[in-house]
Amino acid sequence: MKTNNAPVLVLDKVSKSYGQGMAVKDVSLSIRENEFFALLGPSGCGKSTLLRMLAGFETPTAGSIYLDGRDISPMPANQRPLNLMFQSYALFPNMNVRDNIAYGLEMERLPKDEIAQRVDAMLETAQLRDFARRRPDQLSGGQRQRVALARALIKRPRVLLLDEPLGALDKKLRGKMQLELKRLQHESGITFIMVTHDQEEALVMADRMAVLKDGEVSQCGSPNDIYENPRSRFVADFIGVSNLIEGQRISNDQVDAGGHRLKIEPTAALVSGNVALALRPERLQVLGGESPRCDNEVDGRVVEVAYHGLDTNLHVHTPVSSKPLIVRVPSSQHEFTTFTTGMPIRLGWNAQHARVLAC
Ligand code: ADP
Ligand code: MG
């Protein structure tokens, strides 16, 4: 539903320090209309602090926050058209689902008819119609989650802020709720900013994401861009699995790794001296007699075989890296080969699939 890409929320060099420590450093971001935006990073990197500053529960030490072009830094939390959904759902235990959802509109003293109409529509959207008369303790975790979301969405905030909204759910339910949350965002047309430490969750859900490290934005982009073109070792390592091959750049299109010359894309941004090549496990191929030749080929030995059903991960010791390279082989591709520990193996990859990162 991205018809309009105007920025809704702009953060301009926002910082927050607590005494000596800087929780958020110089963060500049521009979040667009109708976007599902994720703030991703390890625990303690400043995600919640950033979200709390947007909501107005914390004051930035420096920088400004603009909503629809207006500086909202001096605006108190309860006047901001932003709604923060807490991880603990904070539903009213003695009210049924319907009343929980209606509460915010009743506080606004809207006409009864309008409240009833909007609550009905929201019960439908959040697939809660059958549970309207139940109390929160008569619901499952996933249903409670949907009530909390419905309660936040019904107020039609300009931006909905979500801090680890799925953190309390088990893995299977989490997967289901990820799709549900995305659908709700899409149908409501409201801009979502979601905090998560789970990279898979961010990749699945976000239109764009910012990867944070120690309070700073390491990289911002679409999930695909960040996965395919990590610009630092931190991002390459944090998002998905990356093999990092250390080496020295010896020419425009070559890197020396453990005495082996590896081809790289000549167009890769010029990084001289020590570099790391980031290579995704699915980009490495196991070469056999019939395989087409690759730009880079190395001989190795299997040190570990991990079967995952859909694919098998091989850990392969090679002379180009002190750490074994991880290779993902789809099950459909090795019906006739059984991989065993100690087996000699030849690996290949093409230059275009390795990202050259500064050390
Ligand atoms: P995240 O949500 O990414 O896990 P937080 O934003 O909660 O990280 O915290 C970022 C850093 O700021 C951490 O080092 C944390 O200890 C610190 N911090 C957060 N809130 C406070 C506070 N109220 N007082 C002092 N330090 C805080
Ligand atoms: Mg947090």
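Everything numeric in this text was worked out from a predicted model, so none of it was measured. (Residues numbered from 1 in each chain as written. Chains lettered and ligands numbered in written order. Predicted model: local features only at pLDDT ≥ 70, side-chain atom pairs only at ≥ 80, totals over all residues. Heavy atoms only, no water.)

Enquirer: Would you mind going over the overall build of the protein chain in detail, with residue names and values included?
Expert: Helix and strand content of the protein chain: eight helices and 20 strands. Structurally, the protein chain occupies a C-alpha span of about 75 × 50 × 40 Å along its principal axes. Here the protein chain holds 359 residues, and the buried ones make up 47% of them. Within the protein chain, contacts between residues at least 6 apart in sequence are counted, and of these 65% link residues at least 24 apart. Carbon and sulfur atoms make up 48% of the accessible area of the protein chain, which totals about 17700 Å². Each charge class in the protein chain can be summarised by its mean position, and for the 44 positive and 42 negative side chains these summaries are 3 Å apart. (Helix = DSSP H or I, 4+ residues; strand = E, 2+ residues; numbered from the N terminus. Buried < 20%, exposed > 50% of the residue type's maximum accessible area, 1.4 Å probe, protein only. Contact = heavy atoms within 4.5 Å. Areas by Shrake-Rupley, 256 points an atom, 1.4 Å probe, with all protein chains shown as cover. Lys, Arg positive; Asp, Glu negative; His and termini not counted. Charge placed at Lys NZ, Arg CZ, Asp CG, Glu CD.)

Enquirer: Account for the site of ligand 1, naming residues and giving values.
Expert: All residues in the neighbourhood of ligand 1 are listed as Tyr18, Ala23, Pro42, Ser43, Gly44, Cys45, Gly46, Lys47, Ser48 and Thr49. Cys45 is positioned such that a nitrogen or oxygen atom in its backbone is 3.2 Å from an oxygen atom of ligand 1. Gly46 is positioned such that a nitrogen or oxygen atom in its backbone is 3.1 Å from an oxygen atom of ligand 1. The greatest single-element share of the shell around ligand 1, amounting to three residues, is contributed by helix H1 (residues 47–55). Split into classes, the residues belonging to the shell around ligand 1 amount to four nonpolar, five polar and one charged. (Near = heavy atom within 4 Å. Polar contact = N/O pair within 3.5 Å; in protein donor to acceptor, adjacent residues only side chain to side chain. Nonpolar A, V, L, I, M, F, W, Y, C, P; charged D, E, K, R; others polar.)

Enquirer: Mind laying out a negative patch on the surface, listing which residues take part and the relevant values?
Expert: Where like charges cluster on the molecular surface, the negative patch consists of Asp12, Asp26, Asp214 and Glu216. Given a relative accessible area of 40%, Glu216 falls into the partly exposed group. (Patch = residues over 30% accessible without salt bridge, like charges linked within 9 Å, V, L, I, M, F, W, Y side chains within 5 Å. Salt bridge = Lys/Arg side-chain N within 4 Å of Asp/Glu carboxyl O.)

Enquirer: Give me the pairing of strand E10 (residues 216–221): which residues, what numbers.
Expert: Bridge count for strand E9 (residues 208–213) against E10 is five bridges, and the pairing is antiparallel. Of the residues in E10, the one forming a bridge with Leu212 is Val217. Taking the residues between adjacent antiparallel strands as the criterion, E9 and E10 are bridged by two residues, where Asp214 takes a positive phi near 45 degrees. (Pairing = 2+ DSSP bridges.)

Enquirer: Go over helix H3 (residues 112–125), please, and point to the residues and values.
Expert: Look at H3: 20 Å from first C-alpha to last across 14 residues, which is about the 20 Å you get at 1.5 Å a residue. The set of residues buried in H3 consists of Ile115, Arg118, Val119, Met122 and Leu123. The buried residues of H3 occupy an angular sector of 140 degrees when the element is viewed end-on, so they sit on one face. Turned more than 90 degrees off the buried face of H3, the exposed positions are Asp113 and Gln117. On its buried face, H3 is in contact with helix H2 (97–107) and helix H4 (141–153). Count one or two residues on from H3 and you reach Gln127, which has phi positive near 55 degrees. (Expected span 1.5 Å × (residues − 1). Arc of directions from axis to C-beta.)

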